[in-house]
Amino acid sequence: MPSPSRASTTHPVDPAENGCAPPPPQHVAIIMDGNGRWARARGKDRNFGHRAGTENIRNIIRLFGECDVRYLTLYAFSTENWSRPKSEVRALTRLIGQVLKREVKKMHREGVRLHHIGRLDALDEGLRRQVQDAIELTKDNERINVVLAWNYGGRGEIVDAVRQLITEGMGAEAIDEQAIESRLYTSGLPDPDLVIRTAGEMRLSNFLVWQAAYAEFWSTPTLWPDFGAAEIDAALSAYAERTRKFGAVVE
Ligand code: IPE
Ligand code: IPE
Ligand code: MG
């Protein structure tokens, strides 16, 4: 079936008229993968792919916003990605600084509220402040929440939560799921309803390992720099067809 065309406005009246399958997931989390393969297919170096992938982000935020998705988490750099060649890590770090510098004011105007999950202490002070300033600037925006997962690892997140519980002196009997959840980086954010992975991989790669316990998973062979409206329509349509049972019997 051809994908319905989208209205060009960023504030559509009815998401269904915009080619979005109802009901939309409240929270979509994306593992943006395949930048390296995208560049290799063009005979370019991996950083060329990362630049193209980064360029794609603005458009994707807009498209999900038009579909009334309220939370969009983007996995941009994992704690394991430090093991990549130094030059690639440097390029990826530089890219986040450039994007923040270039995009934050525009995102603010468009009603984006920015969040960060991960360990910011690994970033140099200037970059850390850039992230914190962007979060502060956009904190009252309500159109769409964009959660940047940078230097994020799901296991490390749980370790940090446990450390905090111990620091607070919480007794073993007082620890329940709520106690852990409220100490995760994602405290205050809803769990993802839909996890999307590009580039055909079928794994979580340490992404939201706690929060995605009951998320629906959708993967596309499309490489991240090529991910666009057609894939979003396909993912949201697939999601709309799923029956979420959360362990119960649903007839
Ligand atoms: C995703 O693209 C970006 C990051 C993980 C930072 P990759 O760089 O993993 O691309 P492939 O998987 O090598 O194609
Ligand atoms: C996952 O992609 C991390 C991000 C998209 C930031 P990777 O390319 O690092 O994952 P693996 O190594 O293929 O599992
Ligand atoms: Mg990859």
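Notes on the structure in this doc start here.

**Considerations on the pairing of strand 1 (residues 27-31)**
Each regular strand carries side chains that alternate between the two faces of the sheet. Counting buried residues in strand 1 gives five out of five residues, a clear majority hidden from the surface. Here strand 1 shows no split at all, with His27, Ala29 and Ile31 on one side and Val28 and Ile30 on the other all buried. In this sheet, strand 2 (residues 71-78) lies alongside strand 1 in parallel orientation, the contact comprising five bridges. Counterpart to Val28 in the pairing with strand 2 is Leu72. Inspection of the sheet shows strand 1 paired to strand 5 (residues 194-197) by four bridges, in the parallel sense. When the sheet's bridge partners are listed, Ile30 is paired in strand 5 with Ile196.

**Side note on empty space enclosed by the protein**
Counted according to the given criterion, the structure contains two cavities of 30 Å³ or more. Roughly 30 Å³ of internal volume is contained in the second largest cavity. Around the second largest cavity, the lining residues are His27, Thr73, Thr186, Leu189, Pro190, Asp191, Pro192, Leu208 and Gln211. Here the residues of the lining of the second largest cavity are counted per class, giving four nonpolar, four polar and one charged.

Analysis parameters
- Residues numbered from 1 in each chain as written.
- Chains lettered and ligands numbered in written order.
- Predicted model: local features only at pLDDT ≥ 70, side-chain atom pairs only at ≥ 80, totals over all residues.
- Heavy atoms only, no water.
- Buried < 20%, exposed > 50% of the residue type's maximum accessible area, 1.4 Å probe, protein only.
- Helix = DSSP H or I, 4+ residues; strand = E, 2+ residues; numbered from the N terminus.
- Pairing = 2+ DSSP bridges.
- 1 Å grid on protein atoms, 1.4 Å probe; cavity = no way out; pocket = protein on both sides within 12 Å on 5 of 7 lines; lining within 4 Å.
- Points joined across faces, edges and corners; volume = space filled by probe spheres on them.
- Nonpolar A, V, L, I, M, F, W, Y, C, P; charged D, E, K, R; others polar.

Shape is all these values report; function is a separate question.
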